[in-house]
Amino acid sequence: LSPGNVYIEKHLMGKNEHNPYWVDWLFTAHKREDVRHLVQNYMVRNQEQLFDLSNDPYELTNLADESALRNIKNELALALDAWMKQQGDVGAKLDSWEMYESVNSN
């Protein structure tokens, strides 16, 4: 997941019985600003995201740039870095097209 790249969430965007709304959103986005905003939020993600799940359970308002939350964001970033290192997760390199092709060429 890299900022500026289109993100495809197959569970949301895929065609299945548990997802009756994605296609409707796509066909409504050109008529309604609020729906276009939802579609864009799912398809193009910010590099950093921080949500107040108590007050925003649907994660519609990204608080990552709020200066008052800088310390919380830094603590979470350190915890994520430590967890990724423990898991052997190399980050965005793992999600590259080259990595995808190398896995699927076998």
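Reference entry: report on the structure contained in this document. (Residues numbered from 1 in each chain as written. Predicted model: local features only at pLDDT ≥ 70, side-chain atom pairs only at ≥ 80, totals over all residues. Heavy atoms only, no water.)

### Points about the packing of aromatic side chains
Summed over the entire model, instances satisfying the criterion amount to four aromatic pairs. With 6.3 Å between their ring centres and 85° between their planes, Trp 22 and Tyr 42 make a pair best called edge-to-face. Of this pair, Trp 22 sits in helix 2 (residues 22-28) while Tyr 42 is found in helix 3 (residues 33-43), placing the two residues 20 residues apart along the sequence. Judged by relative accessible area, Tyr 42 falls into the partly exposed class, the value being 25%. A connected cluster of aromatic rings, assembled from ring pairs, spans Tyr 21, Trp 22, Trp 25 and Tyr 42. (Phe/Tyr/Trp six-rings, centres within 6.5 Å; stacked < 30°, edge-to-face > 60°. Helix = DSSP H or I, 4+ residues; strand = E, 2+ residues; numbered from the N terminus. Buried < 20%, exposed > 50% of the residue type's maximum accessible area, 1.4 Å probe, protein only.)

### Side note on a nonpolar patch on the surface
On the surface, a nonpolar cluster with roughly 290 Å² of combined accessible area is contributed by Val 6, Ile 8 and Val 44. Here Val 6 shows up in the segment before helix 1 (10-13). (Patch = residues over 30% accessible without salt bridge, like charges linked within 9 Å, V, L, I, M, F, W, Y side chains within 5 Å. Areas by Shrake-Rupley, 256 points an atom, 1.4 Å probe, with all protein chains shown as cover. Salt bridge = Lys/Arg side-chain N within 4 Å of Asp/Glu carboxyl O.)

### Brief notes about the pattern of salt bridges
With the rule as written, the count across this model stands at three salt bridges. Between Arg 32 and Asp 34 there is a salt bridge, with its nearest N and O atoms 2.5 Å apart. A residue is classified by how much of its surface remains accessible, and Asp 34, at 42% relative accessible area, is partly exposed. Ionic pairing is found between Arg 36 and Glu 33, a salt bridge with its closest N-O pair at 2.3 Å. Here the residue Arg 36 and the residue Glu 33 both occupy positions in helix 3, the gap between them amounting to three residues, near one helical turn.

### Observations concerning the environment of Gly 91
In this structure, Gly 91 sits in the loop between helix 4 (70-87) and helix 5 (97-104). For Gly 91, a relative accessible area of 15% corresponds to the buried category.

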